[in-house]
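Analysis of the macromolecular model
The primary structure of each chain is shown beneath.
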Amino acid sequence: MAEQSMEELYEYVLNRKENPKEGSYTDYLFQKGLDKILKKVGEESTEVIVAAKNNQEELRYETADLFFHLMVLLVEQGLSFDDIKEELGSRVGTKSRLHERKDWRGTQA
Ligand SMILES: N=c1c2ncn([C@@H]3O[C@H](COP(=O)(O)OP(=O)(O)OP(=O)(O)O)[C@@H](O)[C@H]3O)c2ncn1[C@@H]1O[C@H](COP(=O)(O)O)[C@@H](O)[C@H]1O
């Protein structure tokens, strides 16, 4: 089965931004602009939540949709995928801030 890494997906979306292709959904999002992209990210986030309450298959599908739209948002806003990886990397091995939460003991958020 074909696979695509997050890096490859980001590069694909970036390429669409730099080389617009008529009829492309990615191009359509860039043409519509930031507000449309944000609306899609909001919708897809909600769909992930609903899917998670249903079943794994839906969660898998909706998560892929959300990742795709997040990539479009990053490209639109000029953030590289390396920026995100560096941010994640800066957190590796750092102490979790769970202890700062008032509600962490004995309750579930
Ligand atoms: N990974 C994706 C991907 N994931 C989701 N989607 C699109 O995201 C949309 C999500 O569905 P929705 O029903 O929420 O949206 P919609 O009704 O089509 O759009 P709106 O009317 O809401 O604007 C669908 O149109 C999907 O095709 C994607 N579109 C493209 N890609 C990748 O990007 C590549 C380039 O795609 P094009 O730019 O379309 O050539 C593709 O080959 C894929 O690899």
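See the structure shown above.
Let me begin by describing the structure that accompanies this report. (Residues numbered from 1 in each chain as written. Predicted model: local features only at pLDDT ≥ 70, side-chain atom pairs only at ≥ 80, totals over all residues. Heavy atoms only, no water.)

1. A word on the packing of helix α2 (residues 25-32) against helix α4 (residues 56-76)
- Between α2 and α4, whose axes approach to 11 Å, the crossing angle comes to 45°. When the axis of α2 is compared with that of α4, the two are oblique. The handedness of the crossing between α2 and α4 is right-handed. Listed contacts from α4 to Y25, T26, L29 and F30 of α2 are F68, H69, V72, V75 and E76.
- Here the contact of α2 with α4 is built from residues that sort into six nonpolar, two polar and one charged. (Axes fitted to C-alpha atoms, helices over the stretch in contact; angles between N-to-C directions. Helix = DSSP H or I, 4+ residues; strand = E, 2+ residues; numbered from the N terminus. Parallel < 35°, antiparallel > 145°, perpendicular 65-115°, else oblique. Left-handed = near helix turned anticlockwise from the far one by under 90°. Contact = heavy atoms within 4.5 Å. Nonpolar A, V, L, I, M, F, W, Y, C, P; charged D, E, K, R; others polar.)

2. Brief notes about the pattern of salt bridges
- On inspection of all chains with the given rule, the structure shows seven salt bridges.
- Between E76 and K17 there is a salt bridge, and its shortest N-O distance comes to 3.1 Å. Within this pair, whereas E76 is found in helix α4, its partner K17 is found in helix α1 (residues 6-18), the two being separated by 59 residues in sequence.
- Between D82 and K85 there is a salt bridge; the shortest N-O distance is 3.8 Å. Here the residue D82 and the residue K85 both occupy positions in helix α5 (residues 81-91), the gap between them amounting to three residues, near one helical turn.
- Look at K85 and you get partly exposed, because its relative accessible area is 37%.
- A cluster of three or more residues bridged by salt bridges with shared partners is formed by K39, K40, E43 and E44. (Salt bridge = Lys/Arg side-chain N within 4 Å of Asp/Glu carboxyl O. Buried < 20%, exposed > 50% of the residue type's maximum accessible area, 1.4 Å probe, protein only.)

3. With respect to the packing of aromatic side chains
- Enumeration according to the criterion identifies three aromatic pairs in this entry.
- Aromatic side chains Y10 and F81 sit 6.1 Å apart centroid to centroid with 35° between the ring planes, which places their arrangement in the tilted category. Residue Y10 is located in helix α1, and its partner F81 is located in helix α5; the two are separated by 71 residues in the primary sequence.
- Taking relative accessible area as the criterion, Y10 reaches 6% and is therefore assigned buried.
- The buried category is assigned to F81, whose relative accessible area is 13%.
- Residues Y25 and Y28 carry aromatic rings whose centres are separated by 5.6 Å and whose planes lie at 35° to one another, so their mutual orientation is tilted. In this pair, Y25 and Y28 are both assigned in helix α2, three residues apart and thus about one turn of the helix distant.
- Here the aromatic residues Y25, Y28 and F68 are joined through ring pairs into a cluster of three or more. (Phe/Tyr/Trp six-rings, centres within 6.5 Å; stacked < 30°, edge-to-face > 60°.)

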